[in-house]
Amino acid sequence: MSMIADFYGGKSILITGATGFLGKVLMEKLFRTSPDLRVIYILVRPKAGQTLQQRVFQILNSKLFEKVKEVCPNVHEKIRAISADLNQNDFAISKEDMQELLSYTNIIFHCAATVRFDDHLRHAVQLNVTATQQLLLMASQMPNLEAFIHISTAFSNCNLKHIDEVIYPCPVEPKKIIDSMEWLDDAIIDEITPKLIGDRPNTYTYTKALGEMVVQQESGKLNIAIIRPSIVGATWQEPFPGWVDNINGPTGLIVAAGKGFLRSIRATPMAVADLIPADIVVNLTLAVGWYTAVHRPKSTLIYHCTSGSLNPCNWGKMGIQVLATFEKIPLERAFRRPKADFTTNNVTTQYWNAVSHRAPAIIYDFYLRLTGRKPRMTKLMNRLLRTLSMLEYFINRSWEWSTYNTEMLMSKLSPEDQRVFNFDVRQLNWLEYIENYVLGVKKYLLKEDMAGIPEAKQHLKRLRNIHYLFNTALFLIAWRLLIARSQVARNVWFFIVSFCYKFLSYFRASSTLKV
Ligand SMILES: CCCCCCCCCCCCCCCCCC(=O)SCCNC(=O)CCNC(=O)[C@H](O)C(C)(C)COP(=O)(O)OP(=O)(O)OC[C@H]1O[C@@H](n2cnc3c(N)ncnc32)[C@H](O)[C@@H]1OP(=O)(O)O
Ligand SMILES: NC(=O)C1=CN([C@@H]2O[C@H](COP(=O)(O)OP(=O)(O)OC[C@H]3O[C@@H](n4cnc5c(N)ncnc54)[C@H](OP(=O)(O)O)[C@@H]3O)[C@@H](O)[C@H]2O)C=CC1
């Protein structure tokens, strides 16, 4: 019997960010392992022309929830979508809904955030700091609340090399930042942003660090824990391997490599690729929820959900395995053959960006124009290069995260809970995981049919032939131009031609003799 699954039985659980990548995996696991939970409240905003109900319907009818429907057939009745926008005062929740949330909620999992690296500081503060503060205020009015679990990121202190499971203060108090965002105009915020974020690479990591400070300062009498996952990747085992449905983190680059857009990347092959599968994050999160509510630690515990210190993999190994998988299982309609080189300095990066990224895009756009179509490749390539420049910070450095609390928690679980809520990353085989990840990208994110693999392989063969033909033509043109301009090149050319002629004559003479 799983104590953790049992604990969530009969509970009313509030999840923010339930429509996001991690939130969906969290919800799925909760329904699958504790089908007798009372209700899951999710705070959802209408989006992309879809109503709340349509969004929930779409999630529950996705492949991810197939197993849930078997163990919890009435899952539709157990999910209660509440209209909310975390950017608004009181989250724009109606009075009745708010009353219900305050009266019944037992556990809160706060996953919602803006995860964009280039978000304007005002918006990032609103969502990652102010909304966290408001949610804590709400939580403090919930008489039946047993635990508040805040999802942060292992990179909130990426300005440090060694990171412990503690909260590191930022120089300016979060309250001052929140206040200033109310009266400063955008131009001034733009000006002070680099000074505020200091040696962090973006507003995301900075505001997640501020969010943690808010949690610490506003915790009051609440039972709170913070989870810091590193780079969340596709699922490892549950509900099935390789599930992923957005392009954040490595996923977008895997797609770009498989489609042949990404041909070179500025990355340190030996740097640790601190990936962590989404199901491991979710298992730890649920275990932390149980431990925080039942054991009530005296202080706010922080749990690092990282892989580097226990089972390290590096970017070089990951890149090789991604490409090896694309050899066996290619993506459909690739632009070029999957091949990506790692470069480590600025000059080679600039060179390969020009030769492998920009030039093919320009040539392809020229071809599109010639055939009367709208050019689009240069624009797409520029966006990819911009994305690469934002991710580079994370693929050229290694960090050490201590995992004392996470290991302590693992030792507190019963053998059954260690199995059902497995977050032991040491058991993960990276090569197998990456292969399933790439397959998952093809099946669940790009929705490509496996029956199309032979055609995709044919397409790659055609691309290879075009590549050889193009290179040969290029070589001949370059050579012809060189011969026209240089005596040395002409001499070399005559030497090669006469050598070939002599060789052929000798070969013909000897074969005539044999006859
Ligand atoms: C063999 C090679 C394989 C090697 C694999 C190596 C992988 C290394 C990956 C390292 C990842 C490190 C991540 C570190 C994460 C820190 C952990 C967290 O807490 S952070 C939590 C995680 N947070 C994040 O990961 C957020 C990162 N993302 C962002 O902040 C923004 O998307 C942006 C600023 C990069 C682009 O903004 P903007 O230009 O306004 O555009 P939009 O957003 O609207 O998307 C537009 C276009 O960009 C495209 N695209 C987007 N993302 C990627 C990608 N990852 N990739 C590729 N492409 C990407 C997308 O396809 C789209 O194309 P199209 O529709 O035009 O055709
Ligand atoms: N993915 C990763 O690699 C990592 C993620 N994390 C953390 O994990 C958590 C979840 O991340 P992930 O699932 O990847 O992110 P997603 O971007 O997939 O999900 C973000 C969620 O927040 C919701 N949200 C955003 N803005 C609002 C708003 N104004 N009102 C209501 N809801 C809103 C989104 O709703 P909607 O669907 O309406 O947009 C979505 O449900 C975050 O706290 C993130 O910082 C930490 C480390 C790594």
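Residues numbered from 1 in each chain as written. Chains lettered and ligands numbered in written order. Predicted model: local features only at pLDDT ≥ 70, side-chain atom pairs only at ≥ 80, totals over all residues. Heavy atoms only, no water.

The name given to the protein in an unreviewed UniProt entry is Fatty acyl-CoA reductase, and the organism recorded there is Physeter macrocephalus. A UniProt comment under Sequence similarities (unreviewed entry) is attached to the protein, and it reads "Belongs to the fatty acyl-CoA reductase family." Heading Subcellular location (unreviewed entry) of the UniProt record for the protein holds this comment: "Peroxisome membrane". (UniProt positions renumbered as here; feature names shortened; annotations may be inferred.)

Enquirer: How would you summarise the overall build of the protein if you had to cite specific residues and measurements?
Expert: Secondary structure assignment for the protein yields 20 helices and 13 strands. Viewed in the frame of its principal axes, the protein has a C-alpha envelope of about 100 × 55 × 45 Å. Counting only residues that meet the buried cut, the protein has 53% of its 515 residues in that class. Considering only intrachain contacts with a sequence separation of at least 6, the fraction spanning at least 24 residues in the protein is 84%. Carbon and sulfur atoms make up 58% of the accessible area of the protein, which totals about 25,200 Å². Distance from the positive charge centre (60 side chains) to the negative charge centre (45 side chains) of the protein: 13 Å. (Helix = DSSP H or I, 4+ residues; strand = E, 2+ residues; numbered from the N terminus. Buried < 20%, exposed > 50% of the residue type's maximum accessible area, 1.4 Å probe, protein only. Contact = heavy atoms within 4.5 Å. Areas by Shrake-Rupley, 256 points an atom, 1.4 Å probe, with all protein chains shown as cover. Lys, Arg positive; Asp, Glu negative; His and termini not counted. Charge placed at Lys NZ, Arg CZ, Asp CG, Glu CD.)

Enquirer: Describe the packing of helix H7 (residues 121-139) against helix H8 (residues 174-183), naming the residues involved and giving the relevant values.
Expert: For any two helices packed against each other, the geometry is given by the interaxial angle and the distance between the axes. It is the contact of H7 with H8, at a shortest axis distance of 10 Å, that shows an interaxial angle of 125°. Relative to H8, the element H7 is oriented oblique. The handedness of the crossing between H7 and H8 is left-handed. Contacts between H7 and H8 involve Leu121, Arg122, Val125, Val129, Thr130 and Gln133 from the first element and Pro174, Lys175, Ile177, Ile178 and Met181 from the second. (Axes fitted to C-alpha atoms, helices over the stretch in contact; angles between N-to-C directions. Parallel < 35°, antiparallel > 145°, perpendicular 65-115°, else oblique. Left-handed = near helix turned anticlockwise from the far one by under 90°.)

Enquirer: An account of the domain arrangement of the protein is needed here, citing residue identities and associated values.
Expert: Domains assigned within the protein are domain 1 (3-245 + 273-312 + 397-418) and domain 2 (455-514). Relative to domain 2, the C-alpha centre of domain 1 lies at a distance of 61 Å. (Domains from an automatic or database assignment.)

Enquirer: Any chance you could break down the site of ligand 1 for me, citing the residues and the numbers?
Expert: Around ligand 1 sit 27 residues in total, of which Arg116, Phe117, Tyr204, Gly249 and Arg386 are the nearest. Here a nitrogen atom of ligand 1 and a backbone polar atom of Leu253 are 3.2 Å apart. Contact distances for ligand 1 include 2.9 Å between an oxygen atom and a side-chain N or O atom of Arg386. Burial of ligand 1 by the protein chains amounts to 82% of its free accessible area of 1,300 Å². With 7 residues, helix H15 (residues 377-395) is the single largest residue contributor to the shell around ligand 1. When the residues that make up the shell around ligand 1 are grouped by side-chain class, the tally is 16 nonpolar, 7 polar and 4 charged. (Near = heavy atom within 4 Å. Polar contact = N/O pair within 3.5 Å; in protein donor to acceptor, adjacent residues only side chain to side chain. Nonpolar A, V, L, I, M, F, W, Y, C, P; charged D, E, K, R; others polar.)

Enquirer: Explain the site of ligand 2 to me, and be specific about the residues and the numbers.
Expert: Taken together, 27 residues form the shell around ligand 2, and within it Thr19, Lys47, Arg55, Tyr204 and Lys208 come nearest. Phe21 places a main-chain nitrogen or oxygen 2.9 Å from an oxygen atom of ligand 2. For ligand 2, whose free accessible area comes to 890 Å², the fraction covered by protein is 90%. Of all the secondary structure elements, the ones that give two or more residues to the shell around ligand 2 are helix H2 (21-33), helix H10 (203-217) and strand E8 (231-233).

Enquirer: Would you mind going over the side chain of Asp97 in detail, with residue names and values included?
Expert: Along the chain, the position of Asp97 falls in helix H6 (residues 95-104). On the accessibility criterion, Asp97 (15% relative accessible area) is buried. A polar atom in the side chain of Asp97 sits 2.8 Å from the side chain of Arg80. Ignoring any residue separated from it by four or fewer positions in sequence, one finds Asp97 in contact with Arg80 and Ile82.

Enquirer: I'd like a rundown of the pairing of strand E5 (residues 147-151), residues and numbers included.
Expert: Counting buried residues along E5, 5 of its 5 residues qualify, which places the element largely inside the surrounding structure. Neither face of E5 is open: one carries Ala147, Ile149 and Ile151, the other Phe148 and His150, and all of them are buried. Judged from the 4 bridges that link them, strand E4 (residues 107-110) and E5 form a sheet pairing that is parallel. What sits directly across from Ile107, in E5, is Ala147. You can see the chain leave E4, run along H7 and come back into E5, and the turn it takes is right-handed. Bridge analysis of E5 against strand E7 (residues 224-229) gives 4 bridges, and the strand direction is parallel. When the bridges of E7 are listed, His150 appears paired with Ile226. (Pairing = 2+ DSSP bridges. Right-handed = clockwise from strand over helix to strand, strands pointing away.)

Enquirer: Mind laying out the sheet that holds E5, listing which residues take part and the relevant values?
Expert: The pairing of strands in a sheet comes from backbone hydrogen bonds and takes either a parallel or an antiparallel form. Read across the open sheet, the 7 strands follow the order E3-E2-E1-E4-E5-E7-E11; overall the sheet is parallel. Because the sheet does not close on itself, it has two edges, and the strands there are strand E3 (79-83) and strand E11 (301-305). Neighbour-to-neighbour, the strand axes of this sheet turn through a mean angle of 20°, independent of strand direction. Both E7 and E11 contribute to a ladder of 5 bridges, which runs parallel. Bridging across to E11, Arg228 finds its partner in His304. Packing against the sheet, H10 makes contact with E5 and E7, and its axis sits at approximately 165° to E7.

Enquirer: Residues and numbers for the pattern of salt bridges, please.
Expert: The full count for this structure, using the stated rule, is 22 salt bridges. Across the pair Arg80 and Asp97 runs a salt bridge, and its minimum N-O distance is 2.8 Å. With Arg80 in strand E3 and Asp97 in helix H6, this pair connects stretches of sequence that are 17 residues apart. Residue Arg386 is joined to Asp118 by a salt bridge in which the shortest nitrogen-to-oxygen separation is 2.7 Å. (Salt bridge = Lys/Arg side-chain N within 4 Å of Asp/Glu carboxyl O.)

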